[in-house]
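Chain by chain, the residues:
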Amino acid sequence: VSAIDLAVLGRLYVDGADAKFSHHRVEHDEFRKLCVVMGHLQRHLRDSGAGSDTYWTLLMRTAKWFRFDAMASPVPFRDIELHSPISSLRSQYARCGSMYPQLAPVVVEVIDLLHLLSQSEDSPLLDAATDVHGTSKQTWAAVLCEARLVAASQAALTRVPRLKTVPVINQRQLRHVVWYEGLLLFGAPSWYGEHVFQAPRARAIEIFRFSWVSGKSPPMSSFTAPLGGRGAKSGDVGQDVAADLLIGDDHLEPAWVADLSFADIARQADTEPDDEGTREAVRARPFVMEGGRVVFLEADEDATALVLDLDEHVEDRLQRLPVDDIAEGMYLLLRAAGGGDYVVPVADSMLGGKRVKLRRMQQDWKDRLRRHVRETSLLDVSVRLLDLGSQKANESNVRNWMSRRSIHPNDRADFDAIMRLVGLDVEKDIYWRAMKTIDLAHLQAGQVIRRALLAQVERVDLSVLERLGSMEFDVAGGATGRMIASRVMKVGHEIVEISSSRIGKPIDVGGG
Amino acid sequence: VLRPGFLRSLLGLEGFQTLSSAASLDCLIVGSAGSLKSELGDVRLAMRGHDERIEEGRLNDIIRARQVLGPRRTYRSFIVSSTARLPSVLSNAQPTCIVFDGGAGFLKWRHHWRRSHWLIVLDKTDPRCAEAVTAVNQEYEGRSLGLATELSSLKRPPSVDLTAFYGACA
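Residues numbered from 1 in each chain as written. Chains lettered and ligands numbered in written order. Predicted model: local features only at pLDDT ≥ 70, side-chain atom pairs only at ≥ 80, totals over all residues. Heavy atoms only, no water.

### Focus on the state of the cysteines
The full count for this structure, using the stated rule, is zero disulfides over all chains. Left unpaired, A:Cys145 is separated from the closest cysteine sulfur, that of A:Cys35, by 15 Å. Considering cysteine sulfurs only, B:Cys97 is the nearest to B:Cys129, which forms no disulfide, with 20 Å between them. (Disulfide = S-S within 2.5 Å.)

### What to know about the pattern of salt bridges
One pass over the full model with this rule turns up 32 salt bridges over all chains. The residue A:Asp348 makes a salt bridge to A:Arg359 at a minimum N-O spacing of 2.7 Å. Of the two residues, A:Asp348 is situated in helix α11 (residues 343-351) and A:Arg359 in helix α12 (residues 355-375); the sequence distance between them amounts to eleven residues. A residue is classified by how much of its surface remains accessible, and A:Asp348, at 15% relative accessible area, is buried. Where B:Glu55 meets B:Arg53, a salt bridge forms, and the shortest distance between an N and an O atom there is 3.8 Å. (Salt bridge = Lys/Arg side-chain N within 4 Å of Asp/Glu carboxyl O. Helix = DSSP H or I, 4+ residues; strand = E, 2+ residues; numbered from the N terminus. Buried < 20%, exposed > 50% of the residue type's maximum accessible area, 1.4 Å probe, protein only.)

### Describing the nonpolar core
Residues and elements named next belong to chain A. In this structure, Phe31 and Trp56 are the most contacted members of the largest nonpolar core, which totals 76 residues. Among all residues touching Trp56, those that are not within four sequence positions of it are Leu41, Leu45, Ala50, Tyr93, Cys96, Tyr100, Leu103 and Val107. Core analysis: the next-biggest nonpolar cluster, separate from the first, contains 47 residues, Leu310, Leu358, Ile449 and Leu465 among them. (Core = buried A, V, L, I, M, F, W, Y, C linked by side-chain atoms within 4.5 Å. Contact = heavy atoms within 4.5 Å.)

### What about the packing of aromatic side chains?
All names here are of chain B. Tallying each qualifying case throughout the model produces 20 aromatic pairs over all chains. Ring geometry for Phe100 against Phe106: centres 5.3 Å apart, planes inclined by 70°, an arrangement best described as edge-to-face. Each member of the pair, Phe100 as well as Phe106, carries the same accessibility label: buried. Between Arg8 and the ring centre of Phe16, over which it is positioned, the NZ or CZ distance is 5.2 Å. The ring of Phe106 carries the charged tip of Arg110 above its face, separated from the ring centre by 6.0 Å. (Phe/Tyr/Trp six-rings, centres within 6.5 Å; stacked < 30°, edge-to-face > 60°. Lys NZ or Arg CZ within 6 Å of the ring centre and 35° of its normal.)

### Points about a negative patch on the surface
Residues and elements named next belong to chain A. A grouping of Asp29, Glu30, Asp122, Asp127 and Asp131 is seen on the molecular surface, where their side chains present a negatively charged patch. Within the secondary structure, Glu30 sits in helix α2 (residues 29-48). Judged by relative accessible area, which is 30%, Glu30 ranks as partly exposed. (Patch = residues over 30% accessible without salt bridge, like charges linked within 9 Å, V, L, I, M, F, W, Y side chains within 5 Å. Areas by Shrake-Rupley, 256 points an atom, 1.4 Å probe, with all protein chains shown as cover. Lys, Arg positive; Asp, Glu negative; His and termini not counted. Charge placed at Lys NZ, Arg CZ, Asp CG, Glu CD.)

### A short note on the interface of chain A and chain B
Taken together, the contacts link 36 residues of chain A with 31 residues of chain B. The tally of links from chain A across to chain B stands at one salt bridge. Counting residues per element, the ones that place at least two in the side of chain A that touches chain B are α1 (6-13), α9 (194-198) and β9 (318-322) of chain A.

### So, the environment of A:Glu427
For A:Glu427, the position within the fold is in the loop between α15 (412-421) and α16 (428-459). When the C-alpha atoms of A:Glu427 and A:Asp416 are compared, they prove to be 9.9 Å apart, with eleven residues separating the residues in sequence.

### Some words on the sheet that holds strand β6 (residues 117-121) of chain B
Residues and elements named next belong to chain B. What the four strands build is an open sheet, ordered β4-β1-β5-β6; its pairing is parallel. Looking at the sheet topology across the chains shown, the edges are occupied by β4 (77-81) and β6. The average angle at which neighbouring strand axes cross in this sheet is 15°, direction not considered. As paired elements, strand β5 (residues 97-101) and β6 share five bridges and run parallel to each other. Each bridged residue has a counterpart across the sheet, and for Phe100 the counterpart in β6 is Ile120. (Pairing = 2+ DSSP bridges. Axes fitted to C-alpha atoms, helices over the stretch in contact; angles between N-to-C directions.)

Below is the structure:
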């Protein structure tokens, strides 16, 4: 049990209820102009239906991420990384006039403003924070809604004498038993979790946002029938809702959420070359990861994934959880390169010389079963398998059995029925033993990876992972290579169909 | 019984004998199993005994969770991991009380043990707190607040929100 400072606890439970929230509205002419022009362009694209044209992706992605990063951090404009260089934007949209003549002047203005700002040393939010922070020597921290902006923000603060000792943290670090004299928040309150306002970690919370960004706080949950009225005043964020609304909406979503369509991402991923040469479609749940990436995990009820849960006790942090139990704030462990199932390469190395033959046998009976399904239907094959002695054949199980991601049916009777159906009845024992060998190798591989990861987890400073949102791990002694732990920012509720080879492979959707 | 002096100081001789004489599944604690085991088994407490001696104990001396006590001990409670699968023997159990420690366990297992008393502890910094509060409010719909008067004198820090209500057996 980690030591908990009782004095800090007392402040959380008592002083936290008296936290004072102050809003500071900041101006900047050129940046305001960029936001206005982008608002016009976005409205026009939406109203005309032209927004679905991929022609606009490069510009909109670059401009939206720049706009968000400038609004959500104290980083000077020139230090904000542009998704695409200005020269690429100019070249891509040089002929905009011939395709979208009425939008060409707006596009030129957006690119010109991006160019101007990306060379500007101005940092309006940082200047405002410097003025407010004064010369206080007390313990303050700057809080960001997104971890990927932490490093650049810390560098920006270091250059300001009054703020150079102020640490930059991400909002998830405020879930710990910590107490600050004051916190500096940047951007719209709605970009922060409820806990920042419901369970304040400071007596003074200063919120810096551009005047045209809404000060509306995130919705606060409360009991329908609280005992003795509200216990805490902490939900009273002292909302400063007023915003100029010049972006056409009073709620601007973070760049990684805006316009995110999981179905489109899955479709796009499926059009890219498939390195495994197969097109087996599986149902998958999308997860938005830290750093603007989306990963799809199989949505089957038996599907699991390795996660790091920093809220758990040290020995239980590494867990294999059902995909349905993976929640926001956990860290998914994925292969850093190549993606896919990290158990397979380790299992293959354990199979050694037998690998080629065994994997060919595994593929052989699955291909035969797939052929039967293609020629008839899942239902027809299920019925025939039941006739041949299967106990559990149904459409869902047959789909699972022919998937490359499963090794064999658990029940021998089901396996034998498949062997009969696909013409391998005579060799069914040989095939069964082969599948059991693969199964054992997978089991051992899982244990090897788990041990190696556990050793890493114990060795590394996980506070870095929490602060930055993702971290790479070396998995010694396995063929898995480096693995990356990435925080789950959002769990997608829609289930999409995607090629099985795309499972577990992070897809960059911008930002980075 | 480990540290009998601590338990005797706390409960008196009769209470001590009642608690330590037989195993019984009085309570399920649903939450992060590792953290619960650690908090119950490692946090050191002290109690002044009748002869002014300081008796040292652990939370688990009172809670008596089976997983912390180890086998062949007179347990009184059982820890249920909010992420593991639920053994069928536990899903059919009817303990007097269920303690849901955290939103994840409550959201996952709240359809079980509906004849038991519930104590739900939610942390406002838990990412699933809002979802769990919504679920608590759904449980409240159509229920009686009678318990509120009994608990109205309960002192609590100003940052702690509380609700209490009677629920019908489902």
